[in-house]
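Each chain is listed here by its residues.
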Amino acid sequence: ADGTFAGIISGICGFFLLLIVWRFLAYRREKSDEVWKVNVDELHFSHPPDVIGQGAFGVVLLAEYRGTNVAIKRVLPTVAKKGKSHSMSG
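Residues numbered from 1 in each chain as written. Predicted model: local features only at pLDDT ≥ 70, side-chain atom pairs only at ≥ 80, totals over all residues. Heavy atoms only, no water.

Tallying secondary structure elements over the chain gives one helix and three strands in all. Helices and strands appear in the chain in the N-to-C order α-β-β-β. For the chain, the residues scored as buried account for 8% of the 90 residues in total. A separation of at least 24 residues holds for 14% of the contacts in the chain among residues at least 6 apart in sequence. For the chain, the computed accessible surface area is about 8300 Å², with 64% contributed by carbon and sulfur atoms. (Helix = DSSP H or I, 4+ residues; strand = E, 2+ residues; numbered from the N terminus. Buried < 20%, exposed > 50% of the residue type's maximum accessible area, 1.4 Å probe, protein only. Contact = heavy atoms within 4.5 Å. Areas by Shrake-Rupley, 256 points an atom, 1.4 Å probe, with all protein chains shown as cover.)

Right, dumping it as structure tokens:
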């Protein structure tokens, strides 16, 4: 009986330890991703925006972010080709 109780307690402690480690790793991953998130309000474009490149999927614009010139890719909306249907009905 004492061994069963000790096994239950150690299983519960192990579960909570794994839960804490998993949450800590998720927290660290979220924090490291914040470095790559850009606040759109801090992007400044000239009027009209300077296009510095263009391709099949979008245009590249010159902007300023925190005092540094940066290139921003603006993806163009996709256009459905004639004769092809993207609806589920078909």
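As a further point, take a nonpolar patch on the surface. A cluster of nonpolar side chains, namely Ile8, Ile12, Phe15, Phe16, Leu19 and Trp22, defines an oily patch on the protein surface of about 640 Å² accessible area. Along the chain, the position of Phe16 falls in helix 1 (residues 2-34). In this structure Phe16 comes out as partly exposed when scored by relative accessible area, which is 45%. (Patch = residues over 30% accessible without salt bridge, like charges linked within 9 Å, V, L, I, M, F, W, Y side chains within 5 Å. Salt bridge = Lys/Arg side-chain N within 4 Å of Asp/Glu carboxyl O.)

This structure, assessed with the given rule, holds one aromatic pair. With a centroid separation of 5.5 Å and an interplanar angle of 70°, the aromatic rings of Phe15 and Phe16 are classed as edge-to-face. Accessibility expressed as a relative area gives 51% for Phe15, which makes it exposed. (Phe/Tyr/Trp six-rings, centres within 6.5 Å; stacked < 30°, edge-to-face > 60°.)

Bridge analysis of strand 1 (residues 43-54) against strand 2 (residues 58-65) gives seven bridges, and the strand direction is antiparallel. When the bridges of strand 2 are listed, Leu43 appears paired with Tyr65. Between the antiparallel neighbours strand 1 and strand 2 lie three residues. (Pairing = 2+ DSSP bridges.)

Taken together, the three strands give an open sheet; going across it, the order is 1-2-3, and neighbouring strands pair in antiparallel fashion. Looking at which strands have only one partner, the edges of the open sheet turn out to be strand 1 and strand 3 (68-75). For this sheet the average axis-to-axis angle between neighbouring strands, irrespective of direction, equals 35°. Looking at chain direction, strand 2 and strand 3 are connected through eight bridges and run antiparallel. In the strand pairing of strand 3, Val60 is matched with Lys73. (Axes fitted to C-alpha atoms, helices over the stretch in contact; angles between N-to-C directions.)

It is worth spelling out unusual backbone geometry at this point. Omega for the bond connecting His47 with Pro48 falls within 30 degrees of zero, at -5°, which places this linkage in the cis form. Looking at the element boundaries, Pro48 is found in strand 1.

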